Amino acid sequence: MDPLSVSIVVSAPRERIFDYLQDIANHPEFSDHYLVDWHLTRIDSVGQGAGARFRLKMRGNRFHWGEVTLAAVERPYRIVEVGRTGKNNRIRTLRVYELAPAAADSTRVRFTLETVPATLSDRLLESLGTRSWTRRKTERALHRLREIMERGEGRGRRVTVAAG
């Protein structure tokens, strides 16, 4: 899929938003409407190397598990997540959060998602509505992020390490 970008302006300092986003355990709080059943891949959920597995809540998707790892954390500008999803985890993903100053102590948060399907069948499945579904869900996630950062409202459940 060609890169898909969504952005929003949040009335909060860039450093505070960055600190929140670099802790992958916080991500279910704003994305649990379409990414569910989160599990951390290591105990330390903050910074480079932190990762998680999750399930995409998408109708008709037989191969719904995905995973991401924080590959680059450039304070307070950028967070890069790499991962895999789809059948046998063969679709590579690149997710980037970019934080830029905006007017009056606000921050523009831009999220970009790029996928690299491995086969023709993966490309066909992506072309059948996945892009518009992903855009809608991502826009909602960023609106929820703004609610959390500005008012502390709309929080979902924070993921923790599974305990046997």
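Quick notes on the rules
Residues numbered from 1 in each chain as written. Predicted model: local features only at pLDDT ≥ 70, side-chain atom pairs only at ≥ 80, totals over all residues. Heavy atoms only, no water. Salt bridge = Lys/Arg side-chain N within 4 Å of Asp/Glu carboxyl O. Helix = DSSP H or I, 4+ residues; strand = E, 2+ residues; numbered from the N terminus. Buried < 20%, exposed > 50% of the residue type's maximum accessible area, 1.4 Å probe, protein only. Pairing = 2+ DSSP bridges. Core = buried A, V, L, I, M, F, W, Y, C linked by side-chain atoms within 4.5 Å. Contact = heavy atoms within 4.5 Å. Axes fitted to C-alpha atoms, helices over the stretch in contact; angles between N-to-C directions. 1 Å grid on protein atoms, 1.4 Å probe; cavity = no way out; pocket = protein on both sides within 12 Å on 5 of 7 lines; lining within 4 Å. Points joined across faces, edges and corners; volume = space filled by probe spheres on them. Nonpolar A, V, L, I, M, F, W, Y, C, P; charged D, E, K, R; others polar.

## Considerations on the pattern of salt bridges
No. 1: Per the stated rule, a full pass over the model turns up nine salt bridges.
No. 2: Residue D19 is joined to R75 by a salt bridge in which the shortest nitrogen-to-oxygen separation is 2.4 Å. Residue D19 is found in helix α1 (residues 14-21), and its partner R75 is found in the loop between β4 (65-74) and β5 (78-85); the two are separated by 56 residues along the sequence.
No. 3: With relative accessibility at 44%, the residue R75 sits in the partly exposed group.
No. 4: Its salt-bridge partner being R53, residue E67 comes within 3.0 Å of it at the nearest N-O pair. In this pair, E67 sits in strand β4 while R53 sits in strand β3 (residues 51-56), placing the two residues 14 residues apart along the sequence.

## Considerations on the pairing of strand β7 (residues 106-116)
No. 1: Bridging between strand β1 (residues 4-10) and β7 involves seven bridges; their strand directions are antiparallel. Counted as the bridge partner of V9 is R108 from β7.
No. 2: As paired strands, strand β6 (residues 91-102) and β7 are joined by eleven bridges and run antiparallel to one another. Each residue of the ladder has a partner; that of Y97, found in β7, is F111.
No. 3: Taking the residues that link successive antiparallel strands as the turn, the β6-β7 hairpin has three residues, and the phi of A104 there is positive, at about 55°.

## Describing the nonpolar core
No. 1: One finds I17, L21, I24, F30, V109, L145 and M149 to be the most contacted residues of the largest nonpolar core, which totals 35 residues.
No. 2: When residues of this core are traced back to their parent elements, those giving at least two are β1, α1, β2 (35-40), β3, β4, β6, β7 and α4 (130-151).
No. 3: Here the element with the most residues in this core is α4; it accounts for six residues.
No. 4: Apart from residues no more than four positions distant in its own chain, F30 is found in contact with Y20, L21, Y97, A141, R144, L145 and I148.

## Concerning the sheet that holds β1
No. 1: In spatial order, the strands read β1-β7-β6-β5-β4-β3-β2; together these seven strands make up an open sheet with antiparallel pairing. The sheet is open, and its two edges are formed by β1 and β2, each paired on a single side. The average angle at which neighbouring strand axes cross in this sheet is 20°, direction not considered.
No. 2: Where α1 meets the sheet, it contacts β1, β4, β5, β6 and β7, and its direction lies at approximately 160° from that of β6.

## Some points on the layout of surface pockets
In this approach a probe as big as a water molecule rolls over the atoms, and the regions it shows empty are the leftover space.
No. 1: Here the second largest pocket is characterised by a volume of approximately 200 Å³.
No. 2: What lines the second largest pocket is a set of eleven residues, and nearest its centre among them are D37, W38, R157, R158 and V159.
No. 3: No other element matches β2, which puts four residues into the lining of the second largest pocket.
No. 4: A class-by-class count of the residues in the lining of the second largest pocket yields five nonpolar, two polar and four charged.

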